[in-house]
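# Chains, contacts and geometry: an overview
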Amino acid sequence: MQVYDLNKNHIVTPPGEIALSTNQLQVNYGNSKQASMVDASLSFPRFQITALIGASGSGKSTYLRSLNRMNDRIATVHGEIMYHNTNINSPKVNVYEVRKHIGMVFQKPNPFAKSITENITFALKAAGITNRQELRQRVETSLKEAALWDEVKDDLNKSALALSGGQQQRLCIARSIAMKPDILLLDEPASALDPISTAKLEVTLKELAKNYTIIIVTHNMQQASRVSSYTAFFHLGHVIEYDQTETIFQTPNIQATHDYVTGNFG
Ligand SMILES: Nc1ncnc2c1ncn2[C@@H]1O[C@H](COP(=O)(O)OP(=O)(O)OP(=O)(O)O)[C@@H](O)[C@H]1O
């Protein structure tokens, strides 16, 4: 495998409002002395889609999962995660509160074995929302935002498990946005979907970016270039390059990025 200088990087700060940023984020799993993520400092522009790309094991999921404290139990995470002037990586910050603002959707659709409606109302009820009118409204709004309403509106009591994979993934997005988060983290959300469902999901994500800041891990470089405005390239636990997606794919500044996006890597 080609050896690249991990200290050689090119990282921009996007103009305009920043929804979330990390400052020197370092992640060590268990007692491992070897960091799986080293000094990652990135700023995510509000209401835009940012893609995280890189080879398997480069640290994309490790980084993404740290952003809403999903690594708390399995890793030590040093550094700052700044959200509205608060370092949400502080032990004083309530992680459940963090996750209300920063939602996550996983690689494999994981709806609850409950009805479509209950998938969405479950967390809302747990958060203390009991008004039936409000719950019904949130179900409808979030299913519309996730572009699933038209397909399920006459069958809301049907089991979520009876939906197709692509529909299940859009339901998981609806479930996440029903909590009215600010930021959505998506870890390879299309990897288990067929091309038609993937295309539909991408259109949905672009619509969602009007109201949410989206950070998406993807192995699919066409997908990154189709949906995102900024892209970060990860290699061996380091962020090597972060810039506008067009720059990353057409005129990257770092050789490793060039080799990765042109398929001449490793
Ligand atoms: N739960 C864990 N415990 C220990 N090590 C882990 C754990 N999760 C990830 N790692 C290690 O952290 C490093 C980065 O893995 P990570 O899953 O973040 O990479 P990735 O870029 O998301 O890969 P992929 O594209 O295959 O999902 C790897 O060396 C991996 O073995």
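Basis of the calculations
- Residues numbered from 1 in each chain as written.
- Predicted model: local features only at pLDDT ≥ 70, side-chain atom pairs only at ≥ 80, totals over all residues.
- Helix = DSSP H or I, 4+ residues; strand = E, 2+ residues; numbered from the N terminus.
- Buried ≥ 20, exposed ≤ 12 C-beta atoms within 10 Å, placed from the backbone.
- Contact = placed C-beta atoms within 7 Å.
- Axes fitted to C-alpha atoms, helices over the stretch in contact; angles between N-to-C directions.
- Parallel < 35°, antiparallel > 145°, perpendicular 65-115°, else oblique.
- Left-handed = near helix turned anticlockwise from the far one by under 90°.
- Nonpolar A, V, L, I, M, F, W, Y, C, P; charged D, E, K, R; others polar.

## Details of the environment of Ser-159
For Ser-159, the position within the fold is in the loop between helix H5 (149-152) and helix H6 (165-177). By C-beta crowding, Ser-159 is classed as partly exposed, having 15 other C-beta atoms within 10 Å. The contact partners of Ser-159, leaving out residues within four places of it in the chain, are Ala-113 and Ser-115.

## Focus on the packing of helix H3 (residues 116-126) against helix H4 (residues 132-145)
A pair of packed helices is characterised by two quantities: the angle between their axes and the separation of those axes. Running from amino to carboxyl end, H3 crosses H4 at an angle of 120°, the nearest separation of the two axes being 10 Å. What the angle tells us is that H3 and H4 run oblique. Classified by chirality, the crossing of H4 by H3 is right-handed. Along the contact surface, H3 presents Thr-117, Ile-120, Thr-121 and Leu-124, while H4 presents Leu-135, Arg-138, Val-139 and Ser-142. In terms of residue class, the contact of H3 with H4 is made up of four nonpolar, three polar and one charged.

## What to know about the environment of Asn-89
With respect to the helices and strands, the residue Asn-89 is situated in the loop between strand S6 (86-87) and helix H2 (95-101). Accessibility expressed as a C-beta count within 10 Å gives 21 for Asn-89, which makes it buried. Taking the C-alpha atoms as reference points, Asn-89 and Ser-66, 23 residues apart in sequence, are found 8.5 Å from one another. The residues contacting Asn-89, other than those within four sequence positions of it, are Val-77, Gly-79, Glu-80 and Ile-81.

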